[in-house]
Amino acid sequence: MAKAATQFACTDCGYSAGRWFGKCPSCGAFGTLVEEVPPQAAGGTGPKPTLRLVDVKAEEAERIPTGVAELDRVLGGGLVPASLVLVGGEPGVGKSTVLLTALRAISSNRRALLVTGEESAAQVGLRAARLGGPEAVDILAETELETVCATLEQERPDVCVIDSVQTLYSSELGSAPGSVAQVREAASRLLRVAKESGVATILVGHVTKDGAVAGPRVLEHLVDCVLQFEGDRYHAHRVLRASKNRFGSTNELAVFEMTGEGLVGVPEPSELFGRSVEGEVGAAVACALEGSRPLLLEIQALVAPTDLAMPRRVGTGVDPKRLAMIVAVLSRHAGVALGQADVFVNVAGGVRIDEPGADLAIALAIVSAARGAPVKPKTAAFGEIGLTGRLRPATQSERRLEECAKLGLAEAVVPAGTEARGKLRILEAETLKQAAKAAMDAERTEGG
């Protein structure tokens, strides 16, 4: 039998090569290529009969509610039986806490198993006691992959949480736990066990410095759903998004608040992130849409003179490239001189928005900071900005306006042609210059 060829794989991106490199040719990281020996390939089993897709009978399985309403929202209504879900996030963001809370609720009427490789059973018991009691959750402190798979096949729980997938190792591979080969092998075997045994499995994964899930990209391709926790230990609020979901939408967003009793869902995040101070210069309220949920966010901007040859355009919570485009459109079509000024934009509360419908609110916050004039009180804005300075209507405008009216706002600046019905006063504008004029509080203008 031929000897298995030795491969060198990058621990950050999963790139593999036949020889060692000091710098990864794919991601550019230094010292990340480690040696791994691939497992011996088994012999083929011969051809299998095929089926016609029209003859396949698929039954819609009933979803398993997790007991955490915000988590169910992102999953699309609950866990799908025999599915494989990957939950990633920075250390300390609350992955283990929210999943333990979900297991407690699931164990009241279903069988739930927690496989822990980072903590002992006693440590998990102490955390469960702080969260209100462990209930009927089964626990297994094990890191050997073969033992974990054998336990799942024998016990067949309804839901299983693996915390974390980087701690599992297979004795058939010579590499260390957490390496690319080990993570790939663990995900492949757990996927097969989940599908064959009907166990809804949740994998907890670490993230790298740039925020990506540690291990090869194939890990995200194998699973059915990828959830990502956003936030840090210095903020009390966490945001959960789905970057991949085979059984639901990837546009849903969930907001959690860290309390003494663990992570608690925030049912009305607009009341939390949409608060603003009347008469404050450089602040505007945006009505963004995350999946089926309209969300009010406070956009803060600061325009300061600079002596640099190239002024800075710094955005926190917004796309820097889109911010640079908005600044350019303001300078060219709205008459706001920003060529000799630094522009800083921040989304209050640590939330990140990528929707084009928030462009108008970002622009109004910058105009307010540049001219020293506050936006009119109780006014929200939404709309997409084009490179010609013309405004384009945002999708699902009626739902956005309903959210604004529910939180007590009085006016909304929207692009012309927006379908508007409701209790709000609608200020329509065809161009960005008209929108800035309609939104500014003329009585309190300091200059410009």
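Further up the page is the structure itself.
Colleague: Is there a simple way to think about the overall build of the chain in this case?
Modeller: Secondary structure assignment for the chain yields 11 helices and 21 strands. A principal-axis box enclosing the C-alpha atoms of the chain has dimensions of 80 × 55 × 50 Å. In the chain, which comprises 448 residues, the proportion classed as buried is 48%. For the chain, the exposed area adds up to about 21,800 Å²; of that, 51% sits on carbon and sulfur atoms. Here the chain contributes 48 positive and 55 negative side-chain charges, whose respective centroids are spaced 5 Å apart.

Colleague: What should I look at first to understand the pattern of salt bridges in this one?
Modeller: Oppositely charged side chains are able to pair whenever their charged atoms sit close together. Taken as a whole and judged by the stated rule, the model has 21 salt bridges. Three or more residues are tied together by salt bridges with common partners; here these are Glu 230, Arg 241, Glu 290, Arg 352 and Asp 354.

Colleague: Got a minute to help me understand the packing of aromatic side chains in this structure?
Modeller: Given two aromatic rings, one states the distance between the centres and the angle between the planes to describe the pair. Taken as a whole, this structure holds one aromatic pair when the rule is applied. Where Phe 229 meets Phe 256, the ring centres are 6.0 Å apart and the plane angle is 50 degrees; that geometry is what we call tilted. Taken together, the residues span a long stretch of sequence, with Phe 229 in strand β9 (residues 225-230) and Phe 256 in strand β11 (residues 253-259) at a distance of 27 residues. On the basis of relative accessibility, which here comes to 4%, the residue Phe 229 falls in the buried class. Owing to a relative accessible area of 0%, Phe 256 belongs among the buried residues under this scheme.

Colleague: Explanation requested: the nonpolar core in the structure shown.
Modeller: If you look at soluble globular proteins, the nonpolar side chains tend to sit buried side by side. In terms of nonpolar packing, the biggest core is built from 52 residues, with Ile 299, Leu 330, Val 345, Ile 366 and Leu 432 touching the most fellow members. At the level of secondary structure, the elements contributing two or more residues to this core comprise β11, β13 (283-290), β14 (293-305), α8 (320-333), β16 (341-347), α9 (359-371), β21 (425-429) and α11 (432-439). For this core, the element with the highest residue contribution is α9, accounting for nine residues. Excluding its chain neighbours within four sequence positions, the residues that come into contact with Leu 432 are Val 329, Leu 330, Ala 334, Leu 360, Ala 363, Ile 385, Gly 389 and Leu 391. By size, the runner-up hydrophobic cluster in this structure holds 34 residues, among which are Leu 75, Leu 99, Leu 100 and Leu 114.

Colleague: How do you make sense of α11 when you look at a structure like this?
Modeller: Buried residues of α11: Leu 432, Ala 435, Ala 436 and Ala 439, and no others. Seen from one end, α11 has its buried residues packed into an arc of 100 degrees, which puts them on one side. Facing away from the buried side of α11 by more than 90 degrees, the exposed set consists of Lys 433 and Lys 437. Where α11 is buried, its residues contact α8, α9, β18 (384-385), β19 (391-392), β20 (411-415) and β21.

Colleague: Explanation requested: helix α10 (residues 397-406) in the structure shown.
Modeller: It helps to recall that an α-helix has 3.6 residues per turn; residues three or four apart then point in one direction. Buried residues of α10: Ser 397, Arg 400, Leu 401, Glu 403 and Cys 404, and no others. Take α10 and look down its axis: the buried residues cluster within an arc of 155 degrees, on one side only. Where α10 is buried, its residues meet α7 (269-273), β13, β14, β17 (379-381), β20 and β21. Looking one or two residues beyond α10, the residue adopting positive phi is Gly 408, at roughly 85 degrees.

Calculation rules
Residues numbered from 1 in each chain as written. Predicted model: local features only at pLDDT ≥ 70, side-chain atom pairs only at ≥ 80, totals over all residues. Heavy atoms only, no water. Helix = DSSP H or I, 4+ residues; strand = E, 2+ residues; numbered from the N terminus. Buried < 20%, exposed > 50% of the residue type's maximum accessible area, 1.4 Å probe, protein only. Areas by Shrake-Rupley, 256 points an atom, 1.4 Å probe, with all protein chains shown as cover. Lys, Arg positive; Asp, Glu negative; His and termini not counted. Charge placed at Lys NZ, Arg CZ, Asp CG, Glu CD. Salt bridge = Lys/Arg side-chain N within 4 Å of Asp/Glu carboxyl O. Phe/Tyr/Trp six-rings, centres within 6.5 Å; stacked < 30°, edge-to-face > 60°. Core = buried A, V, L, I, M, F, W, Y, C linked by side-chain atoms within 4.5 Å. Contact = heavy atoms within 4.5 Å. Arc of directions from axis to C-beta.

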